[in-house]
Every structure is written in structure tokens, then in C-alpha cells.
Amino acid sequence: MRRTATTANAILGLLALRREWSTWELTKQLRRNMRFFWPRAESQIYEEAKGLVGKGFARDRQSFTGKRGRTTYAISPDGRKQLKRWLATPPKPTTLECEPLLRVFLGTLGTDADLRAAVAQVRADGEAVLDVGRVVGPEYLEGTAPFQDQLAVRALVLDFLSNHARMLIDWADRSEEVLDAWSRQSDKQRTAASLASIRDNLDRYPAMSATT
């Protein structure tokens, strides 16, 4: 499997967590949490699952409830070996894909309403993550989560996503305050406030480690 086939490996990883999955169950699990940090997986799940079978990394099984067909997938021994090989390779660098931020970046070409809509979407994205956390978190605390045995690593993921979500919401709050102030500011005042924001952010950067 190509080093870049991260989506296929993500699905392979899910297959390794339980005896078998239907495509509906895989999709449900991806929507539950993985969509916040690997959204490509859901749209490609059917083709990737078939591809894993074709490579011998998974097995598929057909069953019927009445006339309704159902396909389930299970990881194969070769699939487990492939998953271990992939996990042992260095991960690719973190990337950020955020269309609302792209629209803010190009904000001078649109209207104030366009800018506010982009900022509002960032807030909505943050709230969506927290909404899922409000469901998933208590399940782990109560010991009823579908993958309770994965508690240690899932807690790390919940911590990452929760802090990321709060960052998005805090940024949206600050940005709306800035947009509200623009109507009362001259160009000179707006420039001064923008430069002050940049200086404030630079002051918060971690100190660079000494080189040896």
C-alpha cells in the first residue's frame, strides 16, 4: 500500500478494533469523531473498504435480512501486518484546511456580511465538536463507550479536539469584536489596532530553544 494512503489505513485501523463492521457502522463511527480530524474517510469509505479487500488486507461477507443485503468487513492477518507497518512510519506533518479562514484571508474582496458569515462558521464548527464531546465524554466516564478499552488514547484525542474547538470559538468571539470596532475606527486606528494584535501574538510565541 502506498505511504500516502492514509484514508485506507484509517479504515484499516477501525477494522482492527472489532471483529467486523458493516459499511453503515464504519460511517457512523467516522461521523462520531474521526470527521473532525480526517474528514476524507467518510466520503471514500465504500471504495476504500473494497480496495482493502482487493489487496487482501480485509475480508468481506455478504448477508441478507429478508431481501435486504448487508456487507460486513473484517481485517485479515495481512491487514494487521500492514497496519503495524503504517503505524511504525513517521506521520505526515499536521495540515490545516479551513475554508472560512480562506474567506477571511480574502475578506477585503467581499462585504462585511461575507466576513461575518465566515467567522460565524468557525464558531459553528467549534460548537459542533463540543456537541459531540458532550455525548462521547460522559459515555467514557460512565464506562459505556463503544470502545471503552481504548480510553487512554481516546482521552488524548478528546483533549485535542476540545481545546481546538474552544480555540475556534474564542477566535470567533475576538474577531467579531474586531469587526464591530471597525465601524467606529478610522483607517489609522484600524491599522494601529491590527499592528497591536500582531505584536500581542508575537509576544505569546514560545521562546526558541537554544541550539547546540
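Everything numeric here is computed off the predicted structure, so don't read it as measured data. (Residues numbered from 1 in each chain as written. Predicted model: local features only at pLDDT ≥ 70, side-chain atom pairs only at ≥ 80, totals over all residues. Heavy atoms only, no water.)

(A) Just the overall build of the protein chain, in detail. Summing up its helical and strand segments, the protein chain has 8 helices and 3 strands in all. For the protein chain, the α and β elements follow one another from N to C terminus as α-β-α-α-β-β-α-α-α-α-α. Along the first, second and third principal axes, the C-alpha set of the protein chain runs to 70 × 55 × 40 Å. Every one of the 212 residues in the protein chain was classed for burial, and the buried ones make up 30%. When the accessible surface of the protein chain is totalled, it reaches about 14,900 Å², and 57% of it is carbon and sulfur. Across the protein chain, the 33 positively charged side chains and the 26 negatively charged ones have centroids separated by 9 Å. (Helix = DSSP H or I, 4+ residues; strand = E, 2+ residues; numbered from the N terminus. Buried < 20%, exposed > 50% of the residue type's maximum accessible area, 1.4 Å probe, protein only. Areas by Shrake-Rupley, 256 points an atom, 1.4 Å probe, with all protein chains shown as cover. Lys, Arg positive; Asp, Glu negative; His and termini not counted. Charge placed at Lys NZ, Arg CZ, Asp CG, Glu CD.)

(B) The arrangement of the sheet that holds strand β3 (residues 68-75) in detail. Reading across from one edge, β1-β3-β2 is the order of the 3 strands in this open sheet, with antiparallel pairing throughout. Across the chains shown, the open sheet's two edge strands, defined by having one partner strand only, are β1 (21-22) and β2 (58-65). Sheet analysis places β1 next to β3, joined by 2 bridges and oriented antiparallel. From the neighbouring strand, Ser22 faces β3, where its bridge partner is Thr72. Packed on one face of the sheet, helix α1 (residues 6-15) meets β1, β2 and β3 and runs near 95° to β3. (Pairing = 2+ DSSP bridges. Contact = heavy atoms within 4.5 Å. Axes fitted to C-alpha atoms, helices over the stretch in contact; angles between N-to-C directions.)

(C) Spotlight on the pairing of β2. As paired strands, β2 and β3 are joined by 8 bridges and run antiparallel to one another. Its bridge partner lying in β3, Asp60 is registered against Tyr73. What sits between the antiparallel neighbours β2 and β3 is a turn of 2 residues, in which Gly66 has the positive phi angle 70°.

(D) Structural view of helix α7 (residues 151-182). Between its terminal C-alpha atoms α7 stretches 46 Å, which fits the 46 Å expected from 32 residues at 1.5 Å a residue. Listed as buried for α7 are Arg154, Leu161, Ser162, Ala165, Leu168, Ile169, Ala172, Ser175, Leu179 and Ala181. If you follow the buried residues of α7, they end up packed against α2 (23-32) and α6 (112-142). (Expected span 1.5 Å × (residues − 1).)

(E) Quick look at the pattern of salt bridges. This model, assessed by the stated rule, comprises 10 salt bridges. Arg32 serves as the salt-bridge partner of Glu139, at 2.3 Å between the closest nitrogen and oxygen. Of this pair, Glu139 sits in helix α6 while Arg32 sits in helix α2, placing them 107 residues apart in sequence. Classification of Arg32 by relative accessible area gives buried; the value is 19%. (Salt bridge = Lys/Arg side-chain N within 4 Å of Asp/Glu carboxyl O.)

(F) Local environment of a nonpolar patch on the surface. A cluster of nonpolar side chains, contributed by Leu102, Phe105, Leu106 and Leu109, occupies part of the molecular surface with about 490 Å² of accessible area. Mapped onto the elements, Leu109 comes out in the loop between α5 (99-105) and α6. Here Leu109 falls in the exposed class, since its relative accessible area comes to 73%. (Patch = residues over 30% accessible without salt bridge, like charges linked within 9 Å, V, L, I, M, F, W, Y side chains within 5 Å.)

(G) Just the nonpolar core, in detail. One finds Leu12, Leu14, Leu15, Trp21, Leu26 and Leu52 to be the most contacted residues of the largest nonpolar core, which totals 24 residues. Elements with a contribution of two residues or more to this core: α1, α2, α3 (40-54), β3 and α6. In this structure, Leu15 is in contact with Trp21, Leu26, Leu52, Ala58, Tyr73 and Ile75, ignoring residues within four places of it in sequence. Residues Val129, Leu161, Ala165 and Ile169 belong to the second largest nonpolar core, which totals 5 residues. (Core = buried A, V, L, I, M, F, W, Y, C linked by side-chain atoms within 4.5 Å.)

(H) Quick look at the layout of surface pockets. Its volume calculated, the second largest pocket comes out at about 850 Å³. Forming the walls of the second largest pocket are 21 residues, and the residues nearest its centre are Trp171, Ser175, Val178, Trp182 and Ser197. For the lining of the second largest pocket, the elements supplying multiple residues, two or more each, are α6, α7 and α8 (187-203). Of the residues forming the lining of the second largest pocket, the biggest block, 8 residues, is contributed by α7. Here the residues of the lining of the second largest pocket sort into 9 nonpolar, 7 polar and 5 charged. (1 Å grid on protein atoms, 1.4 Å probe; cavity = no way out; pocket = protein on both sides within 12 Å on 5 of 7 lines; lining within 4 Å. Points joined across faces, edges and corners; volume = space filled by probe spheres on them. Nonpolar A, V, L, I, M, F, W, Y, C, P; charged D, E, K, R; others polar.)

Read these as spatial facts, not as claims about activity.
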